[in-house]
Amino acid sequence: MINKMRNSILLAALIAAILSPASISASPAVPSSSSSTSPPTSTPTPQPFTYDRTSFYLHGSPYVIIGGQMDPQRVPVAYWRDRLAKARAMGLNTIFSYVYWNLLEPRQGEWINDRGGYDVDEKRRMGRDTTADGGAGIMSNDIAAFFSIAQEEGLNVILRPGPYICGEREWGGFPAWLAPVPGMQVRSSNEQFMEAAERYLVRLAADLKDVQITHGGPLLMVQVENEYGSYGEDHVYTTGLRDILRENFDVPLYTNDGGVDWTLAGGEVPGVLAEIDGDPWSGFAARDKYITDESELGPLMDGEYYTLAPDFWGANNVHNTTVGRPSQITQFVTDLDYVLGANNSISLYMFHGGTNFGFSNGAIWKNFTASFTTSYDYGSPLDESGRTNDLYSTLRDTILKYVPEGTVPEPPANLPRLEVPEFELKPLAGLFDTLGNGTLSETPLAMEQLGQAYGLILYEHTAEASFNGTLQPGDRARDRVIVYVNGTKKGVIDSTYSRPAQVAVSLQPGDKLQLLVENLGRVDYWSRESGTFVALEDPWKGIRGDVTVGSDVLSGWNIYSLPLETTPSLSSRNNAQRSSGTIAAGSPPVFYGATFDAGGDDNTDPALRDTFLAVPSGIKGNVWVNGFNLGRYWVIGPQQSLYLPGTVLKPVGNEVVVLELEPGAETLTVFGAAERDWANHPDPDYM
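Being a predicted model, the structure only gives us computed values, none of them experimental.

Draft legend 1. View of the overall build of the chain. Helix and strand content of the chain: eleven helices and 32 strands. Here the chain, with 687 residues, has 58% of them falling under the buried criterion. A sequence separation of at least 24 residues applies to 78% of the contacts in the chain between residues at least 6 apart. Accessible area for the chain stands at about 26,200 Å²; split by element, carbon and sulfur atoms hold 51% of it.

Draft legend 2. The arrangement of the sheet that holds strand β1 (residues 49–51) in detail. Taken in spatial order, the three strands line up as β1-β2-β3 in an open sheet, and their pairing is antiparallel. At either end of the open sheet lies a strand with only one pairing partner, and these are β1 and β3 (61–63). On average, each strand axis in the sheet is inclined to that of its neighbour by 40 degrees, with strand direction left out of account.

Draft legend 3. Region of the structure containing a negative patch on the surface. Side chains of Glu-191, Glu-195, Glu-198 and Glu-247 sit close together on the surface and give a patch of like negative charge. Top element by residues in the negative patch is helix α6 (residues 191–208). It accounts for three residues. As for its placement among the helices and strands, Glu-191 is situated in helix α6.

Draft legend 4. Region of interest: the pattern of salt bridges. If you walk through the whole model with that rule in mind, you get 33 salt bridges. For Asp-479, the salt bridge is made with Lys-541, and the minimal N-O distance between the two is 2.8 Å. Of this pair, Asp-479 sits in the loop between β17 (467–473) and β18 (480–485) while Lys-541 sits in the loop between β22 (523–525) and β23 (547–549); the two residues are 62 residues apart in sequence, bridging distant segments of the chain. Lys-541 carries the same exposure label as Asp-479, and that label is buried. Across the pair Arg-480 and Asp-685 runs a salt bridge whose closest N-O atoms are separated by 2.9 Å. Here Arg-480 is found in strand β18, whereas its partner Asp-685 is found in the segment after β32 (668–673), with 205 residues between them in sequence. Pair check on accessibility: Arg-480 and Asp-685 agree, each one buried. Taken together, the shared-partner salt bridges in this structure form one network comprising Arg-480, Lys-489, Asp-494, Glu-662 and Asp-685.

Draft legend 5. Spotlight on the pairing of strand β31 (residues 654–660). Counting buried residues along β31, six of its seven residues qualify, which places the element largely inside the surrounding structure. Alignment of strand β26 (residues 590–596) against β31, held across seven bridges, turns out to be antiparallel. Within the sheet, the bridge partner assigned to Thr-595 lies in β31 and is Glu-655. As judged from the five bridges shared by strand β28 (residues 620–625) and β31, these two strands associate in the antiparallel manner. Bridge pairing in β31 links Val-623 to Val-658.

Draft legend 6. View of the side chain of Asn-226. Within the secondary structure, Asn-226 sits in the loop between β7 (219–223) and α7 (235–248). Side-chain polar atoms of Asn-226 contact the side chain of Gln-223, separated by 2.8 Å.

Draft legend 7. Structural context of the sheet that holds β17. Ordered by their spatial adjacency, four strands build an open sheet running β20-β17-β23-β24, and the pairing between neighbours is antiparallel. Strands with a single pairing partner mark the edges of an open sheet, and in this sheet they are β20 (504–507) and β24 (552–554). Taking the axes of each pair of neighbouring strands and ignoring which way they run, one obtains an average angle of 40 degrees across the sheet. Note that β23 and β24 share three bridges and pair antiparallel. If you follow Val-549 over to β24, its bridge partner there is Asp-552.

Draft legend 8. Fine view of the packing of aromatic side chains. Within this structure, the stated rule accounts for 34 aromatic pairs. Three or more aromatic residues link up through ring pairs in this structure, and these residues are Trp-101, Trp-111, Tyr-164, Trp-171, Phe-174, Trp-177, Phe-193, Tyr-200, Tyr-228, Tyr-231, Tyr-237 and Trp-526. Residue placement shows Lys-620 over the ring face of Trp-634; its charged tip is 4.7 Å from the ring centre.

Draft legend 9. Fine view of the pairing of strand β11 (residues 345–349). In terms of burial, β11 is a largely internal element, five of the five residues being buried. On β11, burial covers both faces: Ser-345, Ser-347 and Tyr-349 on one face and Ile-346 and Leu-348 on the other are all buried. Pairing of strand β4 (residues 66–69) with β11 involves three bridges; the strand directions are parallel. The residue of β11 that forms the bridge with Gly-68 is Leu-348. Here strand β10 (residues 301–306) runs beside β11; their pairing, made up of four bridges, is parallel. Residue Asp-302 lies in a different strand from β11, and its bridge partner there is Ile-346.

Draft legend 10. Region of interest: the environment of Val-481. Structurally, Val-481 can be placed in strand β18. Considered as a pair, Val-481 and Ile-493 are twelve residues apart in the sequence and their alpha carbons are 5.0 Å apart. Those residues in contact with Val-481, other than ones at most four positions away along the chain, are Pro-473, Gly-491, Val-492, Ile-493, Leu-515, Leu-516 and Val-517.

Draft legend 11. Molecular detail of helix α5 (residues 143–152). Within α5 the residues assigned to the buried category are Ile-143, Ala-144, Phe-146, Phe-147, Ile-149 and Ala-150. In this fold, the buried residues of α5 make contact with α2 (80–89), β5 (94–98), β6 (156–160), α6 and β7. Positive backbone phi, approximately 85 degrees, marks Gly-154, located one or two places after α5.

Draft legend 12. Quick look at α6. With 18 residues, α6 extends 26 Å from end C-alpha to end C-alpha; this agrees with the ideal 26 Å at 1.5 Å per step. Taken as a whole, α6 has its buried residues at Phe-193, Met-194, Ala-196, Ala-197, Tyr-200, Leu-201, Leu-204, Ala-205, Asp-207 and Leu-208. Down the axis of α6, the sector holding all buried residues measures 165 degrees, keeping them to one side. Turned more than 90 degrees away from the buried face of α6 sit Glu-191 and Ala-206, all of them exposed. Close packing links the buried residues of α6 with α3 (101–104), α5, β6 and α7. For α6, the N-terminal cap is Asn-190; the gap from its side-chain oxygen to the backbone nitrogen of Gln-192 is 3.1 Å.

The rules behind the values
Residues numbered from 1 in each chain as written. Predicted model: local features only at pLDDT ≥ 70, side-chain atom pairs only at ≥ 80, totals over all residues. Heavy atoms only, no water. Helix = DSSP H or I, 4+ residues; strand = E, 2+ residues; numbered from the N terminus. Buried < 20%, exposed > 50% of the residue type's maximum accessible area, 1.4 Å probe, protein only. Contact = heavy atoms within 4.5 Å. Areas by Shrake-Rupley, 256 points an atom, 1.4 Å probe, with all protein chains shown as cover. Pairing = 2+ DSSP bridges. Axes fitted to C-alpha atoms, helices over the stretch in contact; angles between N-to-C directions. Patch = residues over 30% accessible without salt bridge, like charges linked within 9 Å, V, L, I, M, F, W, Y side chains within 5 Å. Salt bridge = Lys/Arg side-chain N within 4 Å of Asp/Glu carboxyl O. Lys, Arg positive; Asp, Glu negative; His and termini not counted. Charge placed at Lys NZ, Arg CZ, Asp CG, Glu CD. Polar contact = N/O pair within 3.5 Å; in protein donor to acceptor, adjacent residues only side chain to side chain. Phe/Tyr/Trp six-rings, centres within 6.5 Å; stacked < 30°, edge-to-face > 60°. Lys NZ or Arg CZ within 6 Å of the ring centre and 35° of its normal. Expected span 1.5 Å × (residues − 1). Arc of directions from axis to C-beta.

Quick look at the structure:
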């Protein structure tokens, strides 16, 4: 009965579209009909993807977008097809994807789309495979290839290129090199920003030209900016982006904003389809109430319907999951029925979240740094390791009511993950023994002033007089400052707390003060209702301003950039022997290492080697496996293990390197779990 009713509605919509002269062309630059006063000289080419006031049309037939978000730059390239096939098997017909500018253009003017050659050092720096046999990379920026695979799996795609994307990513996808550009103001019509953004969008469009629906590809629409209405009202900026995108893409454009009056007013762009995110019940009503410009109206779509939420680091921040929350799942089903039952469109955010590998997570400023975890599981129907779950099955059953019977394939069975027995890691080198050349400066310099984007930065000062009092690392901790005097930890000033600890120091002439500062992720989201300064415009990491002890300003610093693009190898262990027996609570950071075997052979499905790597005796740090940075671990939780894709592993001799920031013993232990545990523990630095 439901399918019969739906077919009747679709037929009526199709007839109405054929009879209506107001059907909107895929490209505003292409007239939808010839002038009535002049005979046509040729028959216009029909646009493959269009819309009118109530419906989308694909090749002339009504098309309801049943979508889900999945970002290729968060998922190992070897698993793209697997994840996309599972999206189709859940009943989705469209994938929505953010693109991360900072990965495509990590340094100004350098474009790494992974479609051409780049050297081995660059592969290692970007977290890619560096084996001599030229094996496939772990991660990839080849967005066109991802879209092509989606098409092969029966999916269309919608592009969300930014330049700002939020997404709980480092600085909302902005590259860190924007920060020190004189006069730069992001997300604005500022000349410096618009020039940089245009270069980025034009390069991206060139990469994606042939995957547009107008060229036989799967790309249906492109989003203008991202939820801009929550941030500002600079319509010169958003119309400027519209014009850049129109000049470089052939497909329709849309905006996506929160479903209330002020966000829709701030985000609307003339001539661009206005859509909403969040709650579809109130959002759809708000869109049709507050958007009055006919050129912005069209079919209703919830461009981000949240399948749950991301996790923040914190002893009191529990993991977001639908497990044990039946009322939440019931609400998802009710909302899906509401949207699809009326032939409106939707995108599940996230269908598959993936991972913030390395140092790629973002943060939110709440008068403290709310830093997102390495895992971007998001409670999604396809978990971080690409396995389906109960939520997947429930959403699939709901979606199947609204698609023709027999058109959705069965999902594949989940493969078991790998168990790795606990093994021991031994010291390789002290972090402070790997410093290299520093920069001399009378006053501290921020990361960005040294051309550094991510990781840690060390500030060293040798006292020439006596100083006593509370240490202040510039204007505030940016973000987590470990304080050492003569190589012994004195405390941690951590901006993830609204009241970071006060660390008192006593320095005598000749004493060495060291401040190790970790970038916990630049702010990726700020709203006009946040009640704070515009935190997105303050991306600086390290130390900004003077370091004081009591009322005294400390001048004269050696500054060492520690981006951690490479780590000591296991062959360097002999160099660490001089520190053997000296690692105890309060010691500076130490690299530990060991090897383990994953089993199987070169023909083993890499998914069978997927595991969750845990460092149960660690406090805080990062883990590399075969040179690939899995991301951060932190005892406070809720994340207690790191997703290790089987694509990183080989049958034997896998090298694990752990940088433990707060070592307390001569060894660390590590194991791989087939099933993940989420838990929270007290912060040993704030007990």
